[in-house]
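# Structural features, examined
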Amino acid sequence: MKRTPSRPVVILSGWRTPLARSGGLYARDDAGHMGAAISRETIARAGVDPEEIDEVIVGCVGPPHDQANVGRVIGLRADVPVRVPGRTVARNCASGMEAITSAAEAIEAGRGDLYLVAGVEVMSRFPLIVGDEMTRVFARLNSARSPMQKLAVISSFRPRMLAPRIALMEGLTDPISGLIMGKTAELLAREWSISRDDADRYALESHRRAKIARDSGLLKREVVPYLPLGAKEGAHALEGDDAIRDNQTLEQLGKLKPYFEKPDGRVTVGNSCGITDGACALLVASEDKARALGITPLARIRAWAYAGLDPARMGLGPVYATSKVLDEGGATLDDIGSIEINEAFAAQVLACVKAFDSDTFAREQLGRSSKIGAIDMARLNKNGGAIAVGHPVGCTGARLALTAAHELAKSDRPFALATLCIGGGQGGAMLLERAS
Amino acid sequence: MIDVTGLPMPAGAPAPGTCVRVEQPEPGLVRIVLDPPHRKLPVLDLPLLRDLDVAIEKVERDATAKGLVITGRDARTFAAGADIDAIAALTDPALVERVVAIGQNLFQRIAALSTTREGFVSVAAIGGAAPGGAFELGLACSFIVACDVKETRIGLPETQLGILPGWGGSTRLPRRVGVPLALEVILTGRLFNAREARRKGLVDRTCFPEDLLRVASNIAMKREHLERSSRGMSEWLVDKNPLATAIIASKAREQVLARTRGAYPAPLAAIDIVSHAPRRSIENSLLAEREAVSALAVGPVCKNLIRIFGMSEAAKKLKLLPDGTAAVSPTHVGVLGAGVMGRAIASLSAERGAWTRLFDIAPAALDVALLEHRADVDKSKKRRKIERSEADAAIDHLDVARELSGFAQCGIVVEAVAERLDVKHKVFGDIARQVHDGAILATNTSSLSVDAIAAGLPHPERCAGLHFFNPVKRMPLVEIVRGKQTDARTIATCAAFALALGKTPVVVADQAGFVVNRLLGPYLDEALRLFAGGVDPAKIDHALREFGMPMGPLELLDEVGFDIAQHAAKSLHAAYGERMSPTTVLDALIAQKRLGKKSGQGFYVHTDDKKKQKPRLASDLARFVPADAPRVGPLEEKAIAERTVLAMVAEAARALEDKAVGSARELDLATVFGMGFPPFRGGLLVWADTLGAATIVARLEALAREPDVAARPGGKARFDPPASLRDMARDGGTFHAG
């Protein structure tokens, strides 16, 4: 039901780095440095005195092992005063959005007025993990006293124990359903009859739109060129997202083998989001604070919502969350000028589009009397999405909100929507409106 | 009792017995606290030594004393070494010898407590600065404990002041750590932090400041047993082996001579004493120290070096505001323009802990700036000068901007954009609208007027020049240019900023070339005229290196770049008229894009830096000698040096007449730190004073009459002795009083 916030919350401003293919240009950077750099830039460009900041909240799924609370690290390295606390929040793929909504909750509750918020992920730096067996060998070796005991432990070692576990792959597997994310998308593709061709065409369009947005200079409104740590002599700052495939064709996409379900699957690496690194920072404030600072905000946060669903069908999360956010925001799909649905998988986005438009689904799953509505594809992911630019998990939620906020200004309708599916069976959605 | 009659006592010396506290924290332990009331940072001056002597006598008479701790008034304060002012004032070698002997005897008695009394342990508990004499006091104790705090600096910097460690340092350090390391410590004069000092064995243990007294007491009372790490076989193979020490000494001598060309006697004397120390009796080695210091301390080199040290210390006072408080260097710094100068200033500022934002319209320049900065920081990290976290911080402190925005937080914005008034007006105008009211706008211009740049700014009183020298990270001088409207707070804040960057500031007037470039103008031009007149370029450079300059004038031109040098020369000519008439000899080289080091070739051929090859003189220089330039007669090297340097002296006299700089001392400081004028000569005008005004006037007049000088435009004007110099010659005056 419609919910009226006690204190209006706004996004003052925000900036992000270009997103770069994992294992590529940012492979030697780290979350603390990258998050701090974009945060400093955001503070400087807003002309805000860091003394005014009440808290730092950073979304990150896999903080570096030496920066467990990377939110605190980023605050201190971004010139935020020592007395200002910092935390790291996580809600898997929505961690960046979680950072924003955490700030919004705190502002609504009157706990503060100005928050430095960031989403950051350097997926390149997700570690290889020593297996459980090997870990146990080390632990026993540590507690062994006599040389004989030590020898006994050492003799239990087998070379196969050296095989590393890949944190990234394990992180992308849902522990409840046991499905890796790609398989949840395959399930949706089958259930919502999304063909391989539908998925590939959607992917091609995402790249096309992303390329136009990048090459037209449109993204100068939100992207700051970034020269990563580890860049060699003679290197130049990355100007725009580097995972976009400029000359992608349908034929090329069609040739790719299904990655998760062979031989009949529909999900390929070509119609899934890429794995990229990046960071995005925002200043979130109470409307009063924005006025006091004399800054015209990018957008007002009208409402936000998270919703749970079957982990095996997590890709439909945006439908559940959007249903909720529209109710709480007192809006209809028609009021929304631009929609960002995170493109985890083309099949997953297309399944969402169908579910939005299904009366049956609305009745059975959303408790609505009728469907949310038909999504105008021209208004969906206008500048492409994660299939083209990639999905640095902790960063994406913040990036979607930033893009949606900028799209508001261009649209003739009062609202913009940013929503995403969340591994583990959730959806998150944020409804933005033009700030007065 | 120490006899201090006839020795120089510092002003405001307190009553006997007030400089040292003797405490007995527990039975058998004596604690001596250096706490002179007349010094914020205690100095081992005569009043302190006098009281320390009485305190030691007490210990000597106390048969129950089993342990001694000597410490400072707190864990971050010990003592700053010997009294430099007193040394500077002494001109009689016999008096120096007495002062040296006082310290030596006192420290010998401290050493004797532990060597002659069974089981007696003495501990120096050090924190904060402990250079020179303070460290030598520690060396006389059984053990040294140092606080692991960032303020702790331990070493023997005496040779940097033209003397050598004379209170047993040259004797005891080689015995403690061996001859090779002792030579490194004494010849470089480096000050080490507690951890480095521990690693090198200069101290025996480090601890937290809160534990200092407890740990020192435990060691003194043998509750904690410390073992001095033994040099083992190497003591016999190296330190006590005459052949080995002779080889080491000769290598060291070679290195020192290569660096100093024999102009500095102290390091050579130190090598001699240190290399012999382990094989001599302590008494003989101390005698050698005493004799060497008495001779060195009254010599001109020591006086000049101490004088420069004093001037650079005085420069630190520039950050004082009229009310006596110190201005604070801004925490947020903006730099505009990412050229060679701008990016180096920004990088240094970030390394020194200021949040720094560097603007340039050229993205590639910003990329280079970031990469260079990171490479510099990495180098410091690899050399273990800084920890990883400090390296991360240094990298984090530099941000770049392609647009002129985001500078609102900056307390100072330094511009190093193109040398065009309209460009400077544009960027400063934009910046002035962003920054808060107290922010300072500083220009690194070298050829434009600060007043012209300040004109039209909303707060011209907060505009000043901040003239760095290239390469920024290595050149220690910064000229702070006071415009007509520049206020005192701006000057003090600029000085605080320069000091925070590790630079020595000197305040100059808003006149063309300020001071350093104004003096370099005639100097470099004379060198070029000699070249044009047929003098062998190798000879020109050699002559001035022999004079003591770090590089010859033609080498310097290669470093600076011919285009830059020519531009500077032309603006000096425009400002000062005919005496600054520039030679045209560089035109032909510039026309061929031969600009010096940056183009690979100038007077010298510069090969890739990585190959570490020394630049060699180009073989085709003869074709750049103009046929129509007046020939210069055959010249001795000494005459070459004199002609070029005297051209500077004449200009320096004019600069003082014009009040381009406040005093001869500051002008000298600028010459030593800004152009590398040989420190052992004390600065340009100290050198001039040793020659005497009458001699200088005579030589200038003679030079003005030289056929090649008289024949060229402005030659006569350049060497025409300025009025102040003529007055000085007439009255027997000097540039420096006394």
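Below is a summary of the structure that appears in this document. Being a predicted model, the structure only gives us computed values, none of them experimental.

## A look at the packing of helix 20 (residues 516-532) of chain B against helix 22 (residues 553-560) of chain B
For any two helices packed against each other, one specifies the inter-axial angle together with the distance between the axes. Residues and elements named next belong to chain B. Here helix 20 crosses helix 22 at 115°, and the two axes come no closer than 9 Å. Regarding the angle of helix 20 to helix 22, the classification is roughly perpendicular. The crossing of helix 20 and helix 22 is left-handed. Here helix 20 contributes Y523, L524, A527 and F531 to the contact with helix 22, which in turn contributes P553, L554, L556 and L557. In the contact of helix 20 with helix 22, the residues fall into 8 nonpolar, no polar and no charged.

## Some words on the nonpolar core
The biggest cluster of nonpolar side chains holds 382 residues, and the ones touching the most others in it are A:V117, A:A118, A:V284, B:V123 and B:V145. Of all the elements, helix 25 (residues 637-657) of chain B adds the most residues to this core, at 12 residues. If sequence neighbours within four positions are ignored, A:A118 has contacts with A:G35, A:I38, A:S39, A:V58, A:I74, A:A99, A:A279, A:C280, A:A281 and A:A398.

## Re the interface of chain A and chain B
Listed per partner, the contact involves 18 residues of chain A and 13 residues of chain B. In terms of residue count, the dominant contributor to the side of chain A that touches chain B is helix 1 (residues 31-46) of chain A (7 residues). Considering only residue class, the side of chain A that touches chain B consists of 8 nonpolar, 3 polar and 7 charged.

## Points about the sheet that holds strand 11 (residues 355-359) of chain B
Residues and elements named next belong to chain B. Here 8 strands make up an open sheet; going across it, the order is 12-11-10-13-14-15-16-17 and the pairing mixed. The open sheet has two edge strands, strand 12 (398-401) and strand 17 (504-509), and neither has a second partner. The mean angle between the axes of side-by-side strands here comes to 25°, regardless of whether they run parallel or antiparallel.

## Structural notes on helix 6 (residues 179-188) of chain B
Residues and elements named next belong to chain B. Every buried residue of helix 6 is listed here: V179, A182, L183, V185, I186 and L187. At its buried positions, helix 6 is contacted by strand 7 (153-155), helix 5 (169-177), helix 9 (233-239), helix 10 (242-260) and helix 11 (265-276). Downstream of helix 6 by one or two residues, G189 has phi in the positive range, about 65°.

## Observations regarding the pairing of strand 4 (residues 121-126) of chain B
All names here are of chain B. Buried residues dominate strand 4, accounting for 6 of its 6 residues. What you see with strand 4 is no split at all: V121, V123 and A125 on one side and S122, A124 and I126 on the other are buried throughout. The pairing of strand 3 (residues 67-72) with strand 4 spans 5 bridges and is parallel. By the bridge assignment for strand 4, V69 is matched with V123. In terms of strand pairing, strand 4 meets strand 6 (residues 143-147) through 4 bridges, oriented parallel. Within the sheet, the bridge partner assigned to A124 lies in strand 6 and is I144.

## Things to note about the sheet that holds strand 5 (residues 129-131) of chain B
Residue and element names in this part refer to chain B. The strand order across the open sheet formed by 3 strands is 5-7-8, and the pairing between neighbours is mixed. Every interior strand has two partners, whereas the edge strands, strand 5 and strand 8 (191-192), have only one. Note that strand 5 and strand 7 share 3 bridges and pair parallel. Residue pairing across strands places P131 opposite G155, the latter belonging to strand 7.

## Remarks on unusual backbone geometry
Cis geometry marks the peptide bond from A:K262 to A:P263, where omega comes out at 5°. Here A:P263 shows up in the loop between helix 9 (250-255) and strand 8 (276-286). That bond from B:N470 to B:P471 is cis: its omega, -5°, falls within 30 degrees of zero. One non-glycine residue, A:N381, lies in positive phi territory at about 45°. In this fold, A:N381 is placed in the loop between helix 13 (359-366) and helix 14 (386-389). In the Ramachandran plot, B:K659 falls in the positive-phi region, its phi being about 55° despite a non-glycine side chain.

The rules behind these values
- In this numbering scheme, every chain counts its residues from 1 along its sequence in written order.
- A letter from A marks each chain and a number from 1 marks each ligand, given out in the order of writing.
- The model is predicted, so local features are restricted to residues of pLDDT at least 70 and side-chain atom pairs to those at 80 or more, both for listing and for counting; the totals for chains, interfaces and linings are taken over all residues.
- Every angle, taken between N-to-C directions, lies between 0 and 180 degrees, and every axis is a line fitted to C-alpha atoms, over only the stretch in contact when it is a helix.
- Put simply, DSSP marks the helices as runs of H or I at least four residues long and the strands as runs of E at least two long, and each gets a number from the N terminus on.
- Any angle that falls under 35 degrees is termed roughly parallel, while one over 145 is termed roughly antiparallel, one within 65 to 115 roughly perpendicular, and all others oblique.
- The handedness criterion is simple: a crossing whose near helix is rotated anticlockwise from the far helix by less than a right angle is left-handed, and one whose near helix is rotated clockwise is right-handed.
- For every residue pair, C-beta atoms are placed from the backbone, and the pair is scored as a contact if these atoms sit within 7 Å.
- In this classification, the charged set is Asp, Glu, Lys and Arg, the nonpolar set is Ala, Val, Leu, Ile, Met, Phe, Trp, Tyr, Cys and Pro, and all remaining amino acids, among them Gly, are polar.
- Nonpolar cores are identified as sets of buried Ala, Val, Leu, Ile, Met, Phe, Trp, Tyr and Cys residues joined via C-beta atoms within 7 Å.
- Field definition: a residue is buried when 20 or more other C-beta atoms are found within 10 Å of its C-beta, exposed when 12 or fewer are, and partly exposed for counts in between, with C-beta atoms placed from the backbone.
- At least two bridges found by DSSP between two strands are what make those strands a pair.

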